Amino acid sequence: MMLQELVARAAGLHSDRAAVCFDECNGKPPAFYTYATVVELAVELTAFLQKHCGHQGKCEIGLYCYPGINLPSWILGILQVPAAYSPIDPDAPPAISTYFMKKSNLQYILVENDKINKFRMSHADCFYHNSSAIEHTGLTLFQVSSSNTDFSSEVDNMKSKCEPSKAVDNSQPGYTFGPDQTEVKTAEVGYMNAGQKDTLAYVLHTSGTTGIPKIVRVPHKCIVPNIQHLKSIFEITPDDVLFLASPLTFDPSVVELFMALTSGASILVVPNTIKMMPMELSAALFHHHHVTVLQATPTLLRRFGAHIIKSRVLSANTSLRVLALGGEAFPVLSLLKSWKHKENKTSIFNLYGITEVSSWATCYKIPEEVFSADFRTDFPVPLGSPLLGTKLEVRDANGSAVLEGEGQILIGGEERICFLDDEITVPLGTMRETGDFVRVENAKLFFLGRKDNQIKRHGKRFNIEYLQQSVLGLPRDSTGISKDAVFLYSGGDSLKALRFYEEIEMLVGKAVPGLLEVILSHSIEAVYRHIIKMLFPDEEQLMNSDNVVKRKLRVSSGEELHGKYIKLTSERGHEIASGLIPFIALNRGNNFFPMNFTKSCMQPKNTVWVGVEPLQQPSFLHSKAPGVMKSHVQRSELENRILTLENKANKNDHSSVQQNHTKHSYSSVAELAMCVRWKSNTRKCVDASPLVIIPAKEEVSASVYVGSHSHAMQAIDLDLGEIKWEKTLGDRIESSACVSKCGNFIVVGCYDGLVYVLQSSDGEIHWTFVTEDTVKSSAVVDPSSGLIYIGSHDQHVYALDIYEKMCVWKLHCEGGGVFSSPCLSSFPHHLYVATLGGLFLAVNPVTGSKIWKSNLGKPLFSSPHCNENYIYVGCVDGNLYCYTHSGEKVWQFSTNGPVFSSPCLSSLTKQEIFFGSHDCFIYCCNMEGNLLWKFEATSSVYGTPFIFQSDDLNNKILLAAVSTDGKVWILNAKSGTAEGVDKLPGEVFSSPVVWGSKLVVGCRNDYVYCLDLYIAGKNNN
């Protein structure tokens, strides 16, 4: 039987039942298709493909889409041709997708209609449009361009650098390997042939143990027994609701889809972004749709958090009958037990398998008695019994069978066979190496870890997964980090990444160039590959690092000057307003940008300056706004507005705020108190620092712009805390936002490698620019030219013209990724850039040429800041460095911990420098590098301090700083004594921004906070 035949049988029995539900989780009713509708749409697609695709012999058709209501119909429509479907992830790096499509020799690609522009931009010149859109199904067919079909030389070049995947036993026709490693002639064996018309069900690509993406062609005969057996084990019925948890490019998605569709059950589909939002996802699964069967990775389960797991997933009254965990090491039982309510009846299973023998190989049901109160949970969980048609073997390094002890597990079976890369025929019974090591004990298999995550050095072997767990503070037996896990997604931060980096270098006994950037951006497997590549170049078995290690989107060659961008919005124009909008922008490190005012307007009497270096900002002060500055009358109005702004900033308006006076350690001596004015839920950690915009127009309220790990970018009313708009971007946001010269746009970097330019009024996308890796750097704007400068982990800094939508120049920094934000100096006109490779350089902002560079030898997370004489930057070696604008090092100030904090400069305090260190101190030194004072906080100081002054706070010059334990400190900037302290309910890596007596900062408890500062004991009602 083939997959489509099993679905047809179920559809005949359950035609009126819901086959698929798609819920966007946005308040709109979910969409449902019955089995009859799914089959009807599939038949329509099948007829279209049979008409337009030549399909003598085997046929494989790509499917470029996001999961949605039509997904089952699309897959079924391809299978019925008959053809194999090949899912292509629109969010995957184009270089990997292009390699996969061409290496697979895909001749046809079905593209979701609203992804056509993205497909064309990502894969330019590879394909041509071959047909009209297919009615009702939302797809368009593309055919491989004949000019690009000759891919063999590129593939051969890539293969020559890589060791092919190993098939053992019958991988050579007619031979098997005996225990003593001598070749023994065996009886003739049969073969499975990939070239036969009805053989293949789907085609995937994966990163195998060699590092090169493998093409895996999966026959119906391989996957159908898997699905049939798991349906029986899980006792699937038409009343079940299964969740499509896995990406389409991950083969467990096949099991999820077809366990449901071959049983008359229903499959629930949600957008990918919802999978990153624990509250929304758990509500959809267990409150709205009552999911009964969940197959997931332990990472997805842990993403819910203990509270949601206890209250919804594994609660006493949960809808969930079956929880099957696979794809990663199984969670420690004591942790599962702590999550599971004593009345919970959910059956929990451990699944194990590899894509090369798709999909699952073993299954083990956790006995119910394990979760009883008096049962021990300190024993390991076995992999379980082989599934139908699956054979397991364990062999040692010599190839001998292991009956007791440790060895590598091999998977195969008579017809449990997939075709890897260029294989056309494979002997029946072929066994595949997994790269996974197990312990055999009393005929049970216990997972130990990956072969390729262990490095032997100086006679000692260490496992990077365990090292990462120790750095993250996870229990040694949690085995919770998979090879695909990203360090920062698994509880890591910049300091832990630095520790991880230093411990690896200590263990391997030498420097590993570029390691820190890989830790910060890539998977644990990529970390391993990078170490091997650096330490053992002669043994390197990786494809070109540009094609493997870089996780994010790429700029094609030949685009050095103008770059490449993906337009993600409609064609309606986004013209710049005829007159530039006057406004004040505040962001971390006291970057105070008064934009589009004249000098006379920017210096009204009694103006409260917030950290401005006047000599460094003549271009701001003379930035004319032709549409605004036409008459003396208008200038007077603007001057009045500035005075109004300053008065509003200094005005007490606590009337609408309920004060919550909480006790803290400094309450008895602190003069200042804080209370929460508002907080905004972003649904994930907020490590980005807020951008505050105060417009000159009286009728427009001030706004806070900030991004979150939830992918959400929010614009929040500064006074009221109301969300003006929210925009979901492609991935996690740690970059702090920057405002354009005109005030109409907000610019922010994203983990998906894109720089987003959003309309400040409504969050709609104006333009996106593609870099080659994660963008954590925060942009800076040139107030004279309007150009935007931003760095990327691809080791480049970019100059972008957001109005012409082009890259003016890009510069390779030679010294690692650019994590921190560039710093722009007006006189001299320099752009300063710091890299994770320890390189500090000055760049011509107009041409992108290097002016000078200095190598500090250790990573630079701190963003440089400058005044008219010097540039300052912190380093993880514990020093704050001072340079002249000509590149001469003047002094260095030493602390006892890494300096991630950026220096805060201000003319308010006669040009002292403020910064924090991971030694728990906040420092103040003068421009000569001499210590004036230091204040001991209660934990490390990651964020950048902010200096301010307000009439409402007795006109004192104050410094706001945060420590990572959530403490918000208000210090006297002159003396360093504490004026006030409060504590937020989560860690803080964001930097505070203050306007008047309002302090805004992000927190790792998922909220952005606005705190009102006031004098303790003063009547503020």
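About the thresholds
Residues numbered from 1 in each chain as written. Predicted model: local features only at pLDDT ≥ 70, side-chain atom pairs only at ≥ 80, totals over all residues. Heavy atoms only, no water. Helix = DSSP H or I, 4+ residues; strand = E, 2+ residues; numbered from the N terminus. Buried < 20%, exposed > 50% of the residue type's maximum accessible area, 1.4 Å probe, protein only. Contact = heavy atoms within 4.5 Å. Areas by Shrake-Rupley, 256 points an atom, 1.4 Å probe, with all protein chains shown as cover. Axes fitted to C-alpha atoms, helices over the stretch in contact; angles between N-to-C directions. Parallel < 35°, antiparallel > 145°, perpendicular 65-115°, else oblique. Left-handed = near helix turned anticlockwise from the far one by under 90°. Nonpolar A, V, L, I, M, F, W, Y, C, P; charged D, E, K, R; others polar. Pairing = 2+ DSSP bridges. Arc of directions from axis to C-beta. Salt bridge = Lys/Arg side-chain N within 4 Å of Asp/Glu carboxyl O. pLDDT = per-residue confidence, 0-100. Polar contact = N/O pair within 3.5 Å; in protein donor to acceptor, adjacent residues only side chain to side chain. Core = buried A, V, L, I, M, F, W, Y, C linked by side-chain atoms within 4.5 Å.

Chemist: Even after reading the chapter, I still don't get the overall build of the chain, so can you show me in this structure?
Modeler: Looking only at helices and strands, the chain has 20 helices and 63 strands in total. Across the 1021 residues that make up the chain, the buried fraction comes to 63%. Within the chain, contacts between residues at least 6 apart in sequence are counted, and of these 60% link residues at least 24 apart. For the chain, the accessible surface area stands at approximately 37,400 Å², while carbon and sulfur atoms represent 50% of it.

Chemist: Any chance you could explain the packing of helix α2 (residues 35–52) against helix α3 (residues 71–79) here in plain terms?
Modeler: Helices that pack against each other are described as a pair by the angle of their axes relative to one another and the distance between those axes. Direction vectors running N to C along α2 and α3 enclose 45°, while the axes themselves pass 7 Å from each other. Relative to α3, the element α2 is oriented oblique. In the packing of α2 onto α3, the handedness of the crossing is right-handed. Here Thr37, Val38, Val39, Leu41, Ala42, Leu45, Thr46 and Leu49 of α2 lie close against α3, whose contacting residues are Pro72, Ser73, Trp74, Leu76, Gly77 and Ile78. Of the residues contributing to the contact of α2 with α3, the split by class is 10 nonpolar, four polar and no charged.

Chemist: Help me understand the packing of helix α7 (residues 220–234) against helix α8 (residues 252–261) in this model?
Modeler: It is at 10 Å that the axes of α7 and α8 come closest, and there the two elements cross at 65°. Every pair of crossing elements has a handedness; the one defined by α7 and α8 is right-handed. Touching Ile223, Asn226, Ile227, Leu230, Lys231 and Phe234 of α7 are Val254, Val255, Phe258 and Met259, all from α8. For the contact of α7 with α8, the class distribution of residues is eight nonpolar, one polar and one charged.

Chemist: In this structure, what is going on with the pairing of strand β55 (residues 921–925)? I would like to understand it.
Modeler: Looking along a regular strand, one sees the side chains alternate between the two faces of the sheet. Burial analysis of β55 places five of its five residues in the buried class, which makes it a mostly covered element. Alternating positions in β55 separate into two faces, Phe921, Tyr923 and Cys925 on one and Ile922 and Cys924 on the other, with burial throughout. Two strands pair when backbone bridges link them, and strand β54 (residues 913–916) and β55 are joined in this way by four bridges, in the antiparallel orientation. Paired with isoleucine 913 across the bridge in β55 is cysteine 925. Taking the residues that link successive antiparallel strands as the turn, the β54-β55 hairpin has four residues, and the phi of cysteine 920 there is positive, at about 80°. Bridge count for β55 against strand β56 (residues 931–936) is five bridges, and the pairing is antiparallel. When the bridges of β56 are listed, cysteine 924 appears paired with tryptophan 933.

Chemist: When you look at the environment of leucine 836 in this model, what are you seeing that I'm missing?
Modeler: In this structure, leucine 836 sits in the loop between β46 (830–834) and β47 (839–843). Residue leucine 836 is classed as buried on the basis of its relative accessible area, which comes to 3%.

Chemist: Looking at this structure, how should I read helix α11 (residues 306–313)?
Modeler: Owing to its 3.6 residues per turn, the α-helix brings residues three or four apart onto one side. Inspection of α11 places Ile308, Ile309 and Val313 among the buried residues, and these make up the whole buried set. The buried residues of α11 all sit within an arc of 100° when viewed along its axis, so they share a single face. Elements that come into contact with the buried residues of α11 comprise α9 (278–288), α10 (298–303) and α12 (333–339).

Chemist: Which parts of the structure should I look at to understand the pattern of salt bridges?
Modeler: Opposite charge on two side chains permits pairing when their charged atoms draw close. Taken as a whole, this structure holds 24 salt bridges when the rule is applied. In this structure, the salt-bridge partner of glutamate 441 is arginine 439, at a minimum N-O distance of 3.0 Å. The exposure class of glutamate 441 is partly exposed, given its relative accessible area of 35%. The partner of glutamate 814 in a salt bridge is lysine 853, with the nearest N and O atoms 3.0 Å apart. Here the residue glutamate 814 occupies a position in the loop between β44 (806–812) and β45 (823–825), and lysine 853 occupies one in strand β48 (residues 850–855), the gap between them amounting to 39 residues.

Chemist: Help me understand the sheet that holds strand β32 (residues 672–681) in this model?
Modeler: Strand pairing in a sheet relies on backbone hydrogen bonds, with the paired strands running either antiparallel or parallel. Judged by pairing direction, the sheet is antiparallel, and its four strands sit side by side in the order β32-β63-β62-β61 without closing on themselves. In the strand order of this sheet, the two ends are held by β32 and β61 (993–995), each with one partner. When the angles between neighbouring strand axes are averaged without regard to direction, this sheet yields 25°. Both β61 and strand β62 (residues 998–1002) contribute to a ladder of three bridges, which runs antiparallel. Opposite tryptophan 995, over in β62, you have lysine 998 as the bridge partner.

Chemist: Before we go on, may I ask you to explain the sheet that holds strand β50 (residues 870–874) in this structure?
Modeler: One open sheet holds the four strands; their spatial order is β49-β50-β51-β52, and the pairing between them is antiparallel. The two strands at the open ends of the sheet, each matched to only one other strand, are β49 (865–866) and β52 (889–894). As judged from the five bridges shared by strand β51 (residues 879–884) and β52, these two strands associate in the antiparallel manner. Within β52, the residue paired with cysteine 882 across the bridge is tryptophan 891.

Chemist: What should I look at first to understand the pairing of β51 in this one?
Modeler: Counting buried positions along β51 gives six out of six residues, so the element sits mostly inside the fold. The alternating pattern of β51 places Asn879, Tyr881 and Tyr883 on one face and Leu880, Cys882 and Thr884 on the opposite face, and all of these are buried. Pairing analysis gives five bridges linking β50 to β51, with the strands arranged antiparallel. Bridging across to β51, tyrosine 870 finds its partner in threonine 884. Hairpin connection of β50 to β51: four residues between the antiparallel strands, including glycine 878 at a positive phi of 90°. Hairpin connection, β51 to β52: the antiparallel pair is bridged by four residues, and glycine 887 has positive phi, about 95°.

Chemist: Whenever I open this one, the confidence of the model for the chain confuses me. Can you help?
Modeler: For residues with low pLDDT, the predicted coordinates do not support detailed interpretation. Of the residues in the chain, 75% reach a pLDDT of 70 or more, and the chain-wide mean stands at 79. Taken together, the stretch residues 169–187 has pLDDT below 50 and engages in 34 contacts with residues farther than four places along the chain or on a different chain.

Chemist: What is the right way to read the environment of valine 357 from this model?
Modeler: Mapped onto the elements of the fold, valine 357 is located in the loop between β18 (347–352) and β19 (362–365). For the pair formed by valine 357 and isoleucine 417, sequence separation is 60 residues and the distance between their alpha carbons is 6.0 Å. Look past the residues within four positions of valine 357 in its chain and what remains in contact with it is Cys222, Ile411, Arg416, Cys418 and Arg432.

Chemist: Looking at this structure, I do not really get α9. What am I missing?
Modeler: Those residues of α9 that sit buried are Pro278, Leu281, Ser282, Ala283, Ala284, Leu285 and Phe286. Packing partners of the buried residues in α9 comprise β14 (241–243), β15 (266–269), β16 (293–296), α10 and α11. Backbone geometry just downstream of α9 places histidine 290 in the positive-phi region, at approximately 50°.

Chemist: What am I meant to see in the side chain of serine 315 here?
Modeler: On the secondary structure map, serine 315 appears in the loop between α11 and β17 (322–325). Reaching out from serine 315, the side chain makes a polar contact with the backbone oxygen of arginine 312 at a distance of 3.5 Å. Beyond its immediate sequence surroundings of up to four residues, serine 315 is in contact with Ile309, Lys310, His341 and Asn344.

Chemist: Whenever I open this one, the nonpolar core confuses me. Can you help?
Modeler: The tendency in soluble globular proteins is for nonpolar side chains to be buried as a group. Leu49 and Phe258 are the most contacted members of the largest nonpolar core, which has 67 residues in total. Element by element, the count of residues in this core is highest for α8, at seven residues. Here leucine 49 is in contact with Ile61, Gly77, Ile78, Val81, Leu110 and Leu141, once residues within four sequence places are set aside. Counting 37 residues, the second largest nonpolar core, distinct from the first, contains Leu958, Ile970, Val994 and Val1008.

Chemist: Mind showing me how you'd approach unusual backbone geometry here?
Modeler: The phi torsion of most residues other than glycine is negative, and most of the peptide bonds are trans. Look at the link from valine 81 to proline 82: it is a cis peptide, with omega at 5°. Geometrically, the link from serine 358 to serine 359 is a cis peptide bond, its omega value of 0° lying close to zero. Of note in the backbone geometry, histidine 711 takes a positive phi value of approximately 80° without being a glycine.

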